[in-house]
Amino acid sequence: METVKHHEEAHVHLPPRSVWPIVLAMGVGLLPIALVAFRTGHAIVAELLAVTGGAVSLVSLMGWAHSVVMDKAEDVVTGHLSMQQQDLKMFLKYFLLSEAAIFGGLFVHYYSTRYHIQAWPPAGTPHIHTHDPAIATLILMFSSFTCELGLKAFEKGKKFHAKTLLLVTALLGLIFLSYQGLEWGLLITQYGFTVETNIFGTMFYMMTGFHGLHVSIGVIFLLLAYGRLELGQMNEERHFSLIAASWYWHFVDVIWVLLFFSLYLI
Amino acid sequence: MSEAAAAATAYKSSWLNKLDWFVTGDHKKIGIMYLWFAIVMAIVGGGFAGVIRAQLTKPDSGLVTPEFYNQMVSMHATLMIFFVIIPAWTGLGNYFVPLLIGARDMAFPRLNAFAFWLAVPATALMFGSFFVVGGAIQTGWTAYPPLSLAAFSAGPGVDMWLMGIIFIGLSSILGAINFIVTVANLRAPGLRWFKMPLFVWAWFINATLILVATPVLSSALAMLLADRVFGTSFLTVAKGGDPLLYQHLFWFYSHPAVYIMVLPGFGVISHVLASFAEKKIFGYKGMVFAIMLIGIIGYMVWAHHMFVAGIPPSLQIFFSYMSMVIAVPTGIKIFSWLATIWGGSIRFTTPMKFGLGFIFLFVIGGMSGILLANVPVDYQVTDTYFVVAHFHYVLVGGSIMSMFAGMYYWFPKMSGRFLSEKLGTWVFWLFFVGMNVTFFPMHIMGIQGMARRVFTYRPEFQSLNELSSAGYLLMLAAGLIFVFDVLKTAFFKKGTLPADPWQINHVQNTLDWKVSSPPPEYNFLKIPTIE
């Protein structure tokens, strides 16, 4: 299976026609326009645009995913598949590299600012407790472990174990998110510490927030993979959505360890 | 299986077929859409340049308001970089990388389409920003804080600009990943890395540059956007932010972006010169390593844009040296091109003319670049027209000339019709002369101290500015003739050409000249094997 390539197929496999790319692009494109409407005081228009854009994007993402699944079901016959999996894995690697570059920009900004400011944390920053975040960190690290176990279980054919472990991972992710939400709530309501307080506030909320967004997306990926497992759409050879969810999850986890070290410990 | 039968089984009948271009995943159609997009944007961006040149014909012509002038300057740069040059290369790359490696399509056709369509909302944001309160961005395409912060640029124009660039950046990133995977996984059997045509190599290195640099720009722009919209203080000094860091992150992308805009051109020029000198390219491996070196060193020169921004002397020295070092691999390429045409039997076709013109102009741009890499020289001429002259020699003389070469070279393949050689000669000479008349005087204005990005100037610069504006008219004429010829040939001429219309492939032996012109939808009925 591994050696079969696109071009050795017996018949011509042409790129699939799909309406979803253009619909998704337009749907996503409504979101910045909503922000502009909001900024210019057209709150209702903004809401309308945001809801429409969000809905269109969501529907087209689902449609796109559905058509990919359908394609793949056909490709099993033609032997197109193993190469696709190889392409997809490579895509994921480079996608994560570009994600790392975005976080890289934030980290560079953080360390450069710290290096330049004498008194750190700057005035106005409340004491940031490390106890609860440390527990959250352990939970997230443990979830990486359960995620990997789930993948391994699936590859050994233990579907029930795999499903359970995936759910546990997603649950641990949600617990992590609630820890973070509680921490944010406490800092904002009790200490009035917000993004506008000082540069540390900016860095703290934007970096943990951007990471939190990634955790949320990771949880969605995990649940999608769970759904496909439940529907029996994966087998030992083709389970890219499971691999993608787990790689993404490890990535998010590693970024968090760096964030925890940078924002809380030093 | 016969060709007809293959084509028939290729698509199941579906209502989608009626939407054709809007739903296609075909790399050739997407490539052509990118090229049309770039041509339309070039007309608009060129028009903006016309407003700039018209205003500058007299010291205080009063033709447009200073605010509108600033918008024109900022948007001219933005459009030419993000909406003309980069999409045009993506278009040619989309069309020819799969052909040259013997693949039927890019690795991810739908993602390819998505990346293209993302350009639509980005364009809407750009042009929409002219119609909001405060108008479009006025800060120049660099959008340095604090000027670009809400305190000094209040309207939503800057927000729209930022989001537009983030969108077009996302489009670039997705495209780049697609190119990398395509080149890595979809090469025809036997096409080893060091047998790949140079255009493919150039695009591959280009894609790695885009992949790592663009997200950093996105993150800088997102910080700026957050400062403006959510009141964060990433770049706001009053709350401990650091505007200088924006410059670092910005140029960490935007210097490699210069190479992103010219590397595919290097690839095109290698094909064109070798084809019409009837020789193999000289020093193939050296060329490949030179592209790689440019890619790597290109990441280590960004702060030469910031010599006067207050960075430590040690950094200035480092970036100054690195900027000079990057001339070495570039020189390797120039000399290899010269050695390629040396002793060849040269055919002066239109693409060849543009190829030779490219070498001449790009060398001038490169030389003024080495001058600017000297810290003291840079202190003297920073933000003057000398810099404007330098980068227009690189971008117009380098990117646009090589793009013309590529368009004339590959147009017969894409459409099945030749562009007019006669008109092409006019386009070349008008553009070549016009470009020099427009931009060469700017070297002198710059050394004499005329500041860039300002709507007015001291009276003594008037005659040079008049000359420069006259040159613009020549370039405009060239552009219009080119667009006319493209429209005429694409829509009003009929017919197809043989696989190798230039009759060059007995020397070049690349796969693009082995399929019919235009190629069938599936490119290759049987995937070729490279000996």
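Chains are numbered independently. Their residues run from 1 in the order of the written sequence. Throughout, the order in which chains and ligands are written sets their labels, letters from A for the former and numbers from 1 for the latter. Since the coordinates come from a predicted model, pLDDT governs what is reported: local features require at least 70, and pairs of side-chain atoms require 80 or more to be given and counted, while whole-chain, interface and lining totals use all residues. Side-chain metrics rest on all non-hydrogen atoms present in the structure, leaving aside hydrogens and water.

As recorded by an unreviewed UniProt entry, chain B carries the name Cytochrome c oxidase subunit 1 and is attributed to Candidatus Glassbacteria bacterium RIFCSPLOWO2_12_FULL_58_11. UniProt positions are given in the numbering used here, feature names are shortened, and annotations may be inferred rather than shown by experiment. Note on chain B: under the UniProt heading Sequence similarities (unreviewed entry), the record states "Belongs to the heme-copper respiratory oxidase family." According to the UniProt record, the Catalytic activity (unreviewed entry) comment for chain B is "4 Fe(II)-[cytochrome c] + O2 + 8 H(+)(in) = 4 Fe(III)-[cytochrome c] + 2 H2O + 4 H(+)(out)".

By the naming in an unreviewed UniProt entry, chain A is Heme-copper oxidase subunit III family profile domain-containing protein, taken from Candidatus Glassbacteria bacterium RIFCSPLOWO2_12_FULL_58_11. According to the UniProt record, the Subcellular location (unreviewed entry) comment for chain A is "Cell membrane". As recorded by UniProt, the Sequence similarities (unreviewed entry) comment attached to chain A reads in full: "Belongs to the cytochrome c oxidase subunit 3 family."

Caption draft 1: Broad picture of the overall build of chain A. Numbering of helices and strands starts at the N terminus; helices are DSSP runs of H or I of at least 4 residues and strands are runs of E of at least 2. Secondary structure summary: chain A contains seven helices and zero strands in total. Moving toward the C terminus, one meets the helices and strands of chain A in the order α-α-α-α-α-α-α. Burial classification: accessible surface area is computed with a 1.4 Å probe over protein chains only, and a residue below 20% of its type maximum counts as buried, one above 50% as exposed, and the rest as partly exposed. Burial status across chain A gives 48% buried among its 266 residues. Throughout, a residue-residue contact means that at least one pair of heavy atoms, one from each residue, lies within 4.5 Å. Look at the contacts in chain A between residues 6 or more apart in sequence, and 78% of them connect residues 24 or more apart. Looking at chain A as shown, the accessible area adds up to about 12700 Å², and 72% of this sits on carbon and sulfur atoms. Accessible areas in this description were obtained via Shrake-Rupley with a 1.4 Å probe; residue shielding takes into account the shown protein chains only.

Caption draft 2: Expanded view of the packing of helix α4 (residues 66-101) of chain B against helix α15 (residues 385-415) of chain B. Residue and element names in this part refer to chain B. For the pair α4 and α15, interaxial distance at closest approach is 11 Å and the crossing angle is 35 degrees. In terms of crossing hand, the pair formed by α4 and α15 is left-handed. Taken together, the residues of α15 that come into contact with α4 (itself represented by Tyr 69, His 76, Ile 85, Ala 88, Trp 89, Leu 92, Tyr 95, Phe 96 and Leu 100) are Tyr 385, His 392, Leu 395, Ser 399, Ile 400, Ser 402, Met 403, Gly 406, Trp 410, Lys 413 and Met 414. Classes in brief: Ala, Val, Leu, Ile, Met, Phe, Trp, Tyr, Cys and Pro nonpolar; Asp, Glu, Lys and Arg charged; the others, Gly included, polar. Across the contact of α4 with α15, the residue classes tally to 14 nonpolar, five polar and one charged. A fitted line through C-alpha atoms represents every axis, and for helices the fit uses only the stretch in contact; the resulting angles, taken between N-to-C directions, go from 0 to 180 degrees. When the near helix sits turned anticlockwise from the far one by under a right angle, the crossing is termed left-handed; a clockwise turn instead gives a right-handed crossing.

Caption draft 3: Highlighting the nonpolar core. Buried Ala, Val, Leu, Ile, Met, Phe, Trp, Tyr and Cys residues that are joined via side-chain atoms within 4.5 Å together make up what is termed a nonpolar core. B:Phe82, B:Phe83, B:Phe96, B:Trp161, B:Phe199, B:Trp337 and B:Trp410 are the most contacted members of the largest nonpolar core, which has 248 residues in total. Discounting residues that sit within four places of it in the chain, B:Phe96 has contacts with B:Phe199, B:Trp410, B:Lys413, B:Met414 and B:Asp512.

Caption draft 4: Here's a closer look at the UniProt feature "transmembrane region" (unreviewed entry) in chain A. All names here are of chain A. The UniProt record annotates "transmembrane region" (unreviewed entry) at residues 20-38, 44-70, 91-113, 133-151, 163-182, 202-226 and 247-265. Between the end C-alpha atoms of residues 44-70 the distance is 39 Å, and the span holds 100% helix and 0% strand. Annotation note: span residues 133-151, helix share 100%, strand share 0%, distance between end C-alpha atoms 27 Å.

Caption draft 5: The interface of chain A and chain B, seen in detail. The interface of chain A with chain B comprises 58 residues on the first partner and 68 residues on the second. Of the roughly 5600 Å² buried at the junction of chain A and chain B (both faces included), carbon and sulfur atoms supply 73%. One side-chain nitrogen of Lys or Arg within 4 Å of one carboxyl oxygen of Asp or Glu is enough to make a salt bridge. Connecting chain A to chain B are three salt bridges. Where A:Arg39 meets B:Asp159, a salt bridge forms, and the shortest distance between an N and an O atom there is 2.7 Å. In terms of residue count, helix α3 (residues 81-116) of chain A provides more of the side of chain A that touches chain B than any other element does, 19 residues in total. For the side of chain A that touches chain B, the residue count by class is 34 nonpolar, 18 polar and six charged. Buried area: the accessible area, evaluated with a 1.4 Å probe, that two parts lose upon being put together, summed over both parts.

Caption draft 6: Up close: the packing of aromatic side chains. All names here are of chain B. Between the rings of Phe, Tyr and Trp (Trp by its six-membered ring), a pair exists once the centres lie within 6.5 Å; its type follows the angle of the planes, with under 30 degrees stacked, over 60 edge-to-face, and the other angles tilted. Tallied over the full model, the rule gives 68 aromatic pairs over all chains. Here the aromatic rings of Phe 428 and Phe 432 are separated by 5.4 Å at their centres, their planes lie at 25 degrees, and the arrangement is stacked. With Phe 428 and Phe 432 both in helix α16 (residues 421-447) and four residues apart, this pair spans about one turn of that helix. Neither Phe 428 nor Phe 432 differs from the other in exposure class; each is buried. Two conditions define a charge sitting above a ring: the NZ of Lys or the CZ of Arg must be within 6 Å of the ring centre, and it must be within 35 degrees of the ring normal. Sitting over the ring of Trp 21, Lys 29 keeps its end group 5.4 Å from the ring centre.

Caption draft 7: Inspection of a nonpolar patch on the surface at higher detail. Residues and elements named next belong to chain A. Each patch is built from residues that are more than 30% exposed by relative accessible area and take part in no salt bridge. Like charges join if they lie within 9 Å; nonpolar side chains (Val, Leu, Ile, Met, Phe, Trp, Tyr) join within 5 Å. A cluster of nonpolar side chains, namely Leu 213, Ile 217, Ile 220, Phe 221 and Leu 224, defines an oily patch on the protein surface of about 440 Å² accessible area. Tracing the sequence through the fold places Phe 221 in helix α6 (residues 199-230). A relative accessible area of 34% places Phe 221 in the partly exposed class.

Caption draft 8: Here's a closer look at the environment of B:Pro243. Residues and elements named next belong to chain B. Relative to the assigned elements, Pro 243 resides in helix α9 (residues 243-276). By relative accessible area, which is 16% here, Pro 243 ends up buried. In the structure, Pro 243 is positioned 223 residues away from Asp 20 in sequence and 47 Å away in space, judged by C-alpha atoms. Excluding residues within four positions of it along the chain, Pro 243 makes contact with Pro 145, Leu 235 and Val 237.

Caption draft 9: Looking closely at the pattern of salt bridges. Tallied over the entire structure, the rule returns 11 salt bridges over all chains. Here A:Glu230 makes a salt bridge to A:Lys163, at a shortest N to O gap of 3.6 Å. You can see A:Glu230 sitting in helix α6 and its partner A:Lys163 sitting in helix α5 (residues 159-191), a full 67 residues away along the chain. Here A:Glu230 falls in the partly exposed class, since its relative accessible area comes to 43%. Its salt-bridge partner being B:Glu278, residue B:Arg347 comes within 3.8 Å of it at the nearest N-O pair. Pair noted here: B:Arg347 is in the loop between α12 (327-341) and α13 (350-373) and B:Glu278 is in the loop between α9 and α10 (284-297), with a separation of 69 residues, a long-range link. Given a relative accessible area of 27%, B:Arg347 falls into the partly exposed group. B:Glu278 gets classed as partly exposed once you look at its relative accessible area, which sits at 30%. Each of A:Arg17, B:Asp20, B:Lys29 and B:Glu521 takes part in salt bridges that share partners, so that together they form one network.

Caption draft 10: Summary view of α10(B). Taking 1.5 Å per residue, 14 residues should reach 20 Å; α10(B) reaches 20 Å between its end C-alpha atoms and fits that length. Listing the buried residues of α10(B) in full gives B:Met287, B:Val288, B:Ala290, B:Ile291, B:Ile294, B:Gly295 and B:Ile297. By definition here, a helix of n residues has an expected span of 1.5 Å times n minus one.

Caption draft 11: Inspection of the side chain of B:Thr438 at higher detail. Residues and elements named next belong to chain B. In this structure, Thr 438 sits in helix α16. Whenever two N or O atoms come within 3.5 Å, that pair is a polar contact, provided that in protein one can donate a hydrogen and the other can accept it, and provided that, for residues adjacent in sequence, both atoms are side-chain atoms. In terms of polar contacts, Thr 438 uses its side chain to reach the backbone amide nitrogen of Tyr 472, at 3.1 Å. Among residues more than four places away in sequence, those in contact with Thr 438 are Ser 468, Gly 471, Tyr 472 and Met 475.

Caption draft 12: Geometry of the packing of α12(B) against α13(B). Residues and elements named next belong to chain B. Where α12 meets α13, the closest approach of the two axes is 11 Å, and the angle between their N-to-C directions is 155 degrees. Relative to α13, α12 is oriented roughly antiparallel. Where α12 crosses over α13, the two elements pack in a sense that is left-handed. The residues of α13 that touch α12, namely those facing Ala 327, Thr 330, Ile 334, Trp 337, Leu 338 and Ile 341, are Met 352, Leu 356, Phe 358, Ile 359, Phe 362, Val 363 and Ile 370. An angle below 35 degrees is treated as roughly parallel, one above 145 as roughly antiparallel, one from 65 to 115 as roughly perpendicular, and anything else as oblique.

Caption draft 13: Just the confidence of the model for chain A, in detail. The predictor rates its confidence in each residue with pLDDT, a number between 0 and 100. Here chain A averages 86 in pLDDT, and 89% of its residues register 70 or above. Across chain A, the secondary-structure element scoring lowest on mean pLDDT is helix α2 (residues 43-78) of chain A, at 82, and the one scoring highest is helix α1 (residues 20-39) of chain A, at 94.

Caption draft 14: Examining the side chain of B:Asp500 more closely. Residue and element names in this part refer to chain B. Residue placement: Asp 500 occurs in the loop between α17 (462-492) and α18 (505-508). Buried Asp 500, no salt bridge; nearest opposite-charge side chain is Lys 413, N-O distance 7.3 Å. Once residues lying within four places of it in the same chain are set aside, the contact partners of Asp 500 are Asn 505 and Trp 513. Note on charges: Lys and Arg go in the positive column, Asp and Glu in the negative column, and His and the chain ends are not counted at all.

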